Amino acid sequence: MEKDLLLAIRAALRSALGWVRDSDVLITPHDNFIPSGVKTSYVGIKDGQAVRTELTGGAVQVIMSIRISVFIRMAKPEAAIIGDDSAGRTGVLDAVAAVRSVLRDNLLSLPLQSATIDNSPQPGSELFLADGATGWQRQSVTLTYIWEE
């Protein structure tokens, strides 16, 4: 189910986010990984901790965290955060809000019991330097999915 969940999240984000190329929405090996060839924005989907609890009757409840990290290339520092309407650029704050909107309460046509945004404090956006030179603004959101096996 974990694999199906990651693939469904990727498909949902690819179909809903117009500000990022489909090829720049990827399942990532690490929160800080930016693949070569990424253009002005990138969305990384990272599997997180899965907790399995045995229930009565032999069922197993799974609670899994998925972290979505959004990266916006820093052409202008302010624009990377709040966007630049005159240049048609989305900032990281609006980008993360769009990710939340797509995934909040979205069961992704899977046999999930819930899909929620993690209520713990989410980090603010931050500067991320890739390969020592390229500046990106990054912000992440964590989602929690629950299902029974």
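Keep in mind that this is a model prediction, so the values were computed, not measured. (Residues numbered from 1 in each chain as written. Predicted model: local features only at pLDDT ≥ 70, side-chain atom pairs only at ≥ 80, totals over all residues. Heavy atoms only, no water.)

(A) Structural context of unusual backbone geometry. Unusually for a residue other than glycine, Asp105 sits at a positive phi of about 60°. Take Asp105: it is sitting in the loop between α3 (92–103) and β4 (112–117). On the basis of relative accessible area, Asp105 is assigned to the exposed category, the value being 57%. Phi is positive for Ser109, which is not a glycine, with a value near 55°. Assignment of secondary structure puts Ser109 in the loop between α3 and β4. (Helix = DSSP H or I, 4+ residues; strand = E, 2+ residues; numbered from the N terminus. Buried < 20%, exposed > 50% of the residue type's maximum accessible area, 1.4 Å probe, protein only.)

(B) Structural view of the pattern of salt bridges. A complete count under the given rule lists seven salt bridges for this structure. Its salt-bridge partner being Arg67, residue Asp31 comes within 3.2 Å of it at the nearest N-O pair. You can see Asp31 sitting in the loop between β1 (25–27) and β2 (41–54) and its partner Arg67 sitting in strand β3 (residues 60–73), a full 36 residues away along the chain. For Asp31, a relative accessible area of 23% corresponds to the partly exposed category. (Salt bridge = Lys/Arg side-chain N within 4 Å of Asp/Glu carboxyl O.)

(C) Fine view of the packing of aromatic side chains. Under the criterion given, the structure shown has three aromatic pairs. Pairing Phe71 with Trp136 gives two aromatic rings, centres 6.5 Å apart and planes at 90°, and the pair type is edge-to-face. One end of the pair, Phe71, is in strand β3; the other, Trp136, is in strand β6 (residues 134–148), with 65 residues separating them in the sequence. For Trp136, a relative accessible area of 2% gives the class buried. Taken together through their ring pairs, the aromatic side chains of Tyr42, Phe71, Phe128 and Trp136 make up a single cluster. (Phe/Tyr/Trp six-rings, centres within 6.5 Å; stacked < 30°, edge-to-face > 60°.)

(D) Broad picture of helix α1 (residues 2–16). Its 15 residues give α1 an end-to-end C-alpha distance of 21 Å, which sits within 8% of 21 Å, the value for a rise of 1.5 Å per residue. All buried positions along α1 are accounted for by Leu5, Leu6, Ala8, Ile9, Ala12 and Leu13. Taken end-on, α1 shows its buried residues confined to a sector of 165°, consistent with a single buried face. Facing away from the buried surface of α1 by more than 90 degrees, the exposed residues are Lys3 and Ser15. Buried-residue contacts for α1 involve β1, β2, β3, α3, β4 and β6. (Expected span 1.5 Å × (residues − 1). Arc of directions from axis to C-beta. Contact = heavy atoms within 4.5 Å.)

(E) Layout of the nonpolar core. Counting 34 residues, the largest nonpolar core has Leu5, Ile9, Leu13, Ile68, Leu103 and Tyr145 as its most contacted members. Those elements that provide at least two residues to this core are α1, β2, β3, α3, β4 and β6. With seven residues, the single largest contributor to this core is β3. When sequence neighbours within four positions are dropped, the list of residues in contact with Ile68 reads Ile9, Leu13, Val43, Gly44, Ile45, Val99, Leu103, Gln139, Ser140, Val141 and Leu143. The next biggest cluster of nonpolar side chains, apart from the first, holds seven residues, and it includes Tyr42, Phe128, Ala130 and Trp136. (Core = buried A, V, L, I, M, F, W, Y, C linked by side-chain atoms within 4.5 Å.)

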